[in-house]
Amino acid sequence: MNQWKNFTKGFLKDNPILVLILGTCPTLGTTTSGINGLSMGLATTFVLLGSNVFISLLKNFIPDKVRIPAFIVVIASFVTVVELVMKAYLPDLFNTLGLFIPLIVVNCIVLGRAEAFASKNNVFSSAVDGLGMGLGFAMALFLLGTIREILGAGSVLGHKFISGDGMLVFILAPGAFIALGYMIMLANQMKKKYIKD
Amino acid sequence: MLNPKDSEKLNMAKKESTFGNMLMALLIISLVSSTTLGFVYEFTKEPIRMVEINKTNAAIQAVVPPFDNQPAVESYKVASDLDSLRFYPAKMKGVVVGTAVETYTKKGFSGLIKLMIGLAPDGSIIDISVLEHQETPGLGDKIDKAKSDFSLQFQGKNPAEFKLIVKKDRGDVDAITASTISSRAYCDAVKRAYDAYMSTLVKNQ
Amino acid sequence: MEYILIIISSVFVSNIVLAQFLGICPFIGVSNKVETSIGMTGAVTFVIVLATVITYMVYTFILIPLGIEFARTITFILIIAALVQLVEIILKKVSPTMYQALGIFLPLITTNCAVLGLAVLAVQKDMNLVQSTVFAFGNALGFGLALITFAGIREQLDLLNIPKPMRGAPIALIVAGMLALAFMGFSGIV
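None of the values given here were measured: they were computed from a predicted structure. (Residues numbered from 1 in each chain as written. Chains lettered and ligands numbered in written order. Predicted model: local features only at pLDDT ≥ 70, side-chain atom pairs only at ≥ 80, totals over all residues. Heavy atoms only, no water.)

### Observations regarding the overall build of chain C
Heads up, the rule is: Secondary structure elements are defined from DSSP: runs of H or I of at least 4 residues count as helices, runs of E of at least 2 residues count as strands, and each element is numbered from the N terminus. Between the two quantities, the radius of gyration covers C-alpha atoms and the globule rule is 2.2 Å times the number of residues to the power 0.38. Three exposure classes are used, based on accessible area relative to the maximum for each residue type with a 1.4 Å probe and protein chains only: buried under 20%, partly exposed in between, and exposed over 50%. We call two residues contacting when some pair of their heavy atoms lies within 4.5 Å. Asp and Glu count as negative and Lys and Arg as positive, but His and the ends of the chain are not part of the count. All charge positions are set by atom: Lys at NZ, Arg at CZ, Asp at CG, Glu at CD.
Scanning chain C for helices and strands turns up nine helices and zero strands. Moving toward the C terminus, one meets the helices and strands of chain C in the order α-α-α-α-α-α-α-α-α. For 190 residues, the compact-globule estimate of 2.2 N^0.38 gives 16 Å, and the C-alpha radius of gyration of chain C, at 17 Å, lies within 12% of that figure. Reported as C-alpha extents along the three principal axes, the dimensions of chain C are approximately 60 × 45 × 30 Å. Within chain C, the fraction of its 190 residues that count as buried is 55%. By sequence separation, contacts in chain C at least 24 residues apart represent 76% of the contacts at least 6 residues apart. Both charge centroids of chain C, one from 8 positive and one from 7 negative side chains, sit 11 Å from each other.

### Examining the environment of B:P137
Looking at the element boundaries, B:P137 is found in the loop between β5 (125-132) and α3 (180-204). As for B:P137 and B:K147, which are separated by ten residues in sequence, their C-alpha atoms are 9.6 Å apart. Setting aside anything within four residues of it in sequence, one finds B:P137 in contact with A:L168, A:I171 and A:L172.

### Here we look at the pairing of β5(B)
Residue and element names in this part refer to chain B. To be explicit about the condition: DSSP bridges decide pairing: two strands pair if at least two such bridges lie between them.
Where strand β4 (residues 111-119) meets β5, six bridges bridge the pair, whose relative direction is antiparallel. Bridge pairing links L119 to I125 in β5. Between the end of β4 and the start of β5, which pair antiparallel, lie five residues, with G123 showing a positive phi angle near 100 degrees.

### Things to note about the interface of chain C and chain B
The criterion, for reference: Put simply, buried area is the surface a 1.4 Å probe can reach on two separate parts but cannot reach once they are joined, added for both. Any carboxyl oxygen of Asp or Glu within 4 Å of a side-chain nitrogen of Lys or Arg constitutes a salt bridge here. Definition of a polar contact: a pair of N or O atoms within 3.5 Å, with one able to donate and the other able to accept a hydrogen when the atoms are protein atoms, and with sequence-neighbouring residues admitted only if both atoms are side-chain atoms. Under this grouping Gly is polar, as are all residues other than the nonpolar Ala, Val, Leu, Ile, Met, Phe, Trp, Tyr, Cys and Pro and the charged Asp, Glu, Lys and Arg.
With six residues of chain C at the contact, the number on the chain B side is six residues. Counting each side, the surface lost to burial between chain C and chain B is near 600 Å², with a carbon and sulfur contribution of 68%. The tally of links between chain C and chain B comes to zero salt bridges. Linking chain C with chain B are zero residue pairs in polar contact (both at pLDDT 80 or more). Of the residues that constitute the side of chain C that touches chain B, the class distribution is three nonpolar, three polar and no charged.

### Re the layout of surface pockets
Note the cut-off: The way it works is a 1 Å grid over only the protein atoms, where trapped points that fit a 1.4 Å probe form a cavity and open points with protein on both sides within 12 Å along at least five of seven lines form a pocket, and then any residue with an atom within 4 Å of a point lines it. Grid points are joined across faces, edges and corners, and a volume is the space filled by probe spheres set on the points.
Its boundaries defined by the atoms lining it, the second largest pocket holds a volume of some 620 Å³. Along the wall of the second largest pocket there are 22 residues; nearest its centre are A:I68, A:L111, C:P107, C:T110 and C:T111. Counting only elements with at least two residues in the lining of the second largest pocket, the list comes to α4 (67-89) and α6 (108-118) of chain A together with α2 (24-29), α4 (72-94) and α6 (106-109) of chain C. If one sorts the elements of the lining of the second largest pocket by residue count, α4(C) sits on top with six residues. In terms of residue class, the lining of the second largest pocket is built from 15 nonpolar, five polar and two charged.

### Section: the nonpolar core
Going by this rule: Nonpolar core, defined: a set of buried Ala, Val, Leu, Ile, Met, Phe, Trp, Tyr and Cys residues in which side-chain atoms within 4.5 Å join the residues together.
The biggest cluster of nonpolar side chains holds 128 residues, and the ones touching the most others in it are A:I101, A:F177, C:L18, C:F27 and C:I109. Ranked by residues supplied to this core, first place goes to α4(A) with 14 residues.

### So, the pattern of salt bridges
Tallying each qualifying case throughout the model produces 15 salt bridges over all chains. The residue B:E42 makes a salt bridge to B:K45 at a minimum N-O spacing of 3.7 Å. Of the two residues, B:E42 and B:K45 both sit in helix α2 (residues 19-61), three residues apart, roughly one turn of that helix. Of the residues examined, B:K45 reaches a relative accessible area of 35% and is grouped as partly exposed. Linking B:E74 and B:K91 is a salt bridge whose minimum nitrogen-to-oxygen distance equals 3.1 Å. With B:E74 in the loop between α2 and β1 (76-79) and B:K91 in strand β2 (residues 84-92), this pair connects stretches of sequence that are 17 residues apart. One network of salt bridges, with partners in common, ties together A:K9, A:R113 and A:D129.

### Describing the environment of A:V105
When you line up the elements, A:V105 lands in the loop between α5 (91-97) and α6. Taking the C-alpha atoms as reference points, A:V105 and A:I17, separated by 88 residues in sequence, lie 17 Å from one another. In contact with A:V105, other than residues within four places in its own chain, are A:I75, A:A76, A:V79, C:T73, C:I77 and C:L116.

### As for the pairing of β2(B)
All names here are of chain B. Both β1 and β2 contribute to a ladder of four bridges, which runs antiparallel. In the strand pairing of β2, V78 is matched with L85. With seven bridges joining them, β2 and strand β3 (residues 95-108) adopt antiparallel strand pairing. Bridge pairing links R86 to E102 in β3. The hairpin turn running from β2 into β3, its antiparallel successor, is two residues long, and K93 in that turn takes a positive phi close to 50 degrees.

### Brief notes about the side chain of C:S132
Residue and element names in this part refer to chain C. Note on placement: S132 falls in helix α8 (residues 129-157). Note on S132: relative accessible area 1%, which makes it buried. Of the polar contacts made by the side chain of S132, one reaches the backbone oxygen of N128; its length is 2.8 Å. If near-sequence neighbours (up to four positions away) are discounted, S132 is found in contact with T52, Y56, A122 and M127.

### Regarding the confidence of the model for chain C
All names here are of chain C. For the record, the criterion: Confidence of the prediction at every residue is given by pLDDT, a number between 0 and 100.
Scored by pLDDT, chain C has a mean of 85; 96% of the residues are at 70 or more. When pLDDT is averaged over each element of chain C, α8 comes out on top at 90 and helix α5 (residues 96-102) at the bottom at 75. At the level of chain-chain contacts, confidence expressed as ipTM amounts to 0.85, with global pTM at 0.83.

### Points about the sheet that holds β5(B)
Residue and element names in this part refer to chain B. What counts, and what does not: Helix axes are fitted only over the stretch in contact, all axes being lines through C-alpha atoms; the angle between N-to-C directions runs from 0 to 180 degrees.
The strand order β1-β2-β3-β4-β5 describes an open sheet built from five strands, whose pairing is antiparallel. Two strands close off the open sheet at either side, each with one partner strand: β1 and β5. Direction aside, neighbouring strands of the sheet carry axes that sit 30 degrees apart on average.

### Re unusual backbone geometry
Residue and element names in this part refer to chain B. One non-glycine residue with positive phi stands out, namely K93, at about 50 degrees. In this structure, K93 sits in the loop between β2 and β3. Positive phi, normally seen in glycine, also occurs at R170, with a value near 65 degrees. Within the secondary structure, R170 sits in the loop between β5 and α3. Under the relative-accessibility criterion, R170 is labelled exposed at 72%.

As structure tokens, then:
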């Protein structure tokens, strides 16, 4: 298998957020700024990479009928590791992302990749797949966060370029939905133009 | 992708779903994961505790004069109307110089607001900082000192003379423009802390 | 009175889907028809209330006394997964008609983040058992309200001529944004 293709598919062709529309909850909930979006994306990437590698290693050991509970245990363990490490060394970030860190467990992307890819492929391919998908997810979150930050707070990565407030609605819940809607529309257009499979 | 030969081999090696195999697999996975988690927990326990203590200390330091004791260790609970509030006494050479009170209100525009309030021994307000809130950005979030000067008007005021009610309701507090509900909620939280503090004074006399 | 306030605030003021961004997958995925979204609401309400009560008890009476609060996430998700299985099996035996109605939604509920999210929120908020139950029930109602309203709007949307790239998820998200804007009008009433 072409590993480069395997890696890059997560960015546009099979982007979890923009094309597969999975994991929408953390996408909307944590993207109040570019940095928050990126951190959430990287935390998810770590879990995705870890769970993909482990599940691929264990795929022959786990009987089919109990595979979902077994996958969930593996994923939940990685999530708890992220939770504890973040709480200890990045407490401010942990407070901002809050509830959405434990909720990585139920992020459809993680279980989805475990079931659809890692349980069928070898360790290396699974690692590449997890990394690519995770970074694609992180990229989309970073983009959405940056767009919302520019429109809503008038700043880029925390540096303000206008005085006063921006269009506050983009920091609030409604703006999240609307901005993501337009982003998916653009991705649809781009996909049609550049990718012919 | 796997070529057909490989996948055949894969299927051969796959454990069958017999009861014993299933039990074994789940048991081993749970054991490994719980051991790992226990290990990570031990490793991060101390840093997490330090972070929490530092956070409380920083919040206390922000609202009371310099102290040389451990307010977080000497803290105690005082009954309030609905619940109880946590008091952190700040002492300098054994004399109480101020008390930080962790207070809250549920009347915020988006629910809960938590404040840390520093009270001087006579009950006047030294300073106030916001610990937690979900007020609207650009409007209600001005209760935060970083966002506007709203909270400065409370500094040095004694609630015995300074009525903790917004001017609209015939009090003395200048509300945030277009955020009367957040301002009212803020006053409610401050008043809760003050009342609880005064009740301890009455009891001690 | 206190319980009524909890319900009003969780249904309208901080609606779980439109203000807290939980349970959006089924919100976008299953809400094409009013009928299916009513079925989904039924199944979700049932699981949410049951899961919150059980996880609350496990957390308070087992995890805290043993000092292993850090195992919260893993315990909760396993309880929820087991619960969903159990509900499925019991429903199949006790009420086949209801099973038929809810059946297809049940497996989806394990990965509905509203369920785990509420279980975690309930123990984070220092509420007692009754308050948590009411809180869970109120939020489930809020989920239902958002889902059914949204399905009603989407049924109408199908009849319109929407620009091609906007069809599907994009227009659904933008409509959800409008709905969230409308729900913001409720803040401040409690």
